[in-house]
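Examining the three-dimensional arrangement
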Amino acid sequence: MPIALAVHGGAWNIPDEAVQPSQDGVRRAREGGWRRLAEGGSALDVVEHAVRLLEDDPAFDAGRGSRLNDQGMVEMDASIMAGAGLEAGAVGAIRDVRHPVSVARQVMERSPHVMLVGDGARDFALAAGAETCRTLDLLVGRERERYLRVRSGERELVEREFDPEGLPEEGPLGTVGAVALDRAGHLAAATSTGGTQNKAAGRVGDTPIIGAGTYADDRFGAASATGWGEGILRVLLTKSAVDRLAAGAEPELAARSALEGLDRVRGKGG
Ligand code: GLY
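First, a word on what this report is: a plain description of the structure on this page. (Residues numbered from 1 in each chain as written. Predicted model: local features only at pLDDT ≥ 70, side-chain atom pairs only at ≥ 80, totals over all residues. Heavy atoms only, no water.)

Structural notes on the environment of Ala258
To keep it simple, the criterion reads: The numbering of helices and of strands both runs from the N terminus, where a helix is a DSSP run of H or I of at least 4 residues and a strand a run of E of at least 2. Note on contacts: a residue pair is in contact if any heavy atoms of the two residues lie within 4.5 Å.
Its place among the elements puts Ala258 in helix H10 (residues 251-260). It is 18 Å that separates the C-alpha atoms of Ala258 and Ala190, two residues lying 68 residues apart in sequence. Residues in contact with Ala258, not counting those within four places in the same chain, are Leu237, Ser240, Ala241 and Arg244.

Observations concerning the nonpolar core
We apply this condition: The nonpolar core is taken to be a set of buried Ala, Val, Leu, Ile, Met, Phe, Trp, Tyr and Cys residues, with the residues joined through side-chain atoms within 4.5 Å. Under the scheme applied here, a residue whose accessible area is under 20% of the maximum for its type counts as buried, over 50% as exposed, and between as partly exposed, the area being computed with a 1.4 Å probe on protein chains only.
The biggest cluster of nonpolar side chains holds 25 residues, and the ones touching the most others in it are Val47 and Ile80. Residue assignment for this core shows that the elements contributing at least two residues are strand E1 (4-8), helix H1 (16-38), helix H2 (43-56), strand E2 (76-82), helix H3 (100-110), strand E5 (176-181) and strand E6 (187-193). Among the elements that line this core, the one with the most residues is H2, at seven residues. Counting residues in each nonpolar core, the second largest holds 19 residues, with Val107, Ala121, Phe124 and Ala128 among its members.

Focus on the environment of Ala190
Among the secondary structure elements, Ala190 is positioned in strand E6. Note on Ala190: relative accessible area 0%, which makes it buried. Along the chain, Ala190 and Gly177 lie 13 residues apart, while their C-alpha atoms are 5.5 Å from each other.

Right under this line is the structure:
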């Protein structure tokens, strides 16, 4: 059985100074994930591991490096899905954990639920023994500076975050994700994000919504989305891509055609 792994760190115009760190981060996640996959690891373990590596990397908007919300807090979303039995787990607006993707996996495996949010998600993570931290441990200088600029009146940093004509250095950072196919023929997908610049406290984007940010079905394919969550949510982007695979489209065409669906909601993503 062939094995396969794809990882992403967003899909935007990357500012010049961030190109190298972004490429290095994606490469590290790909290599780390590939090693496990080649050694016979399960697709589920591999996507979790690759996304954890990306969450640790401050080049991306996930885990350490996450955007701050309008209250100056880091609230993160993540999800994971196993394509064999369509099992899934997700967390929304979770604070104070180092690896939201691993909490999402624990929700999948150790709770009767698919998604937990906010304080309930954090309480669950604590009880499940997840690695905890403070907002300060996840905060990087770049985000502190942006937060202060927005608070001091630079609203265009928020308004133009997803504007393709906007200055790339003011644009969005990457949500991260991975999809894998293991030797047993199982697929899995995982996605993690710190969300959008200055989002309202409690805002949940596409990333933890199964079918929007993440989807995997052994019969057809797996997908992980990145982009403006409010658009991706309304077209259920990853399920839409996998539906196209189910209908026989090649992966690239399936992705392109699903992305065309974003036009209807003036969405932007990849
Ligand atoms: N796609 C990430 C977000 O909008 O939160």
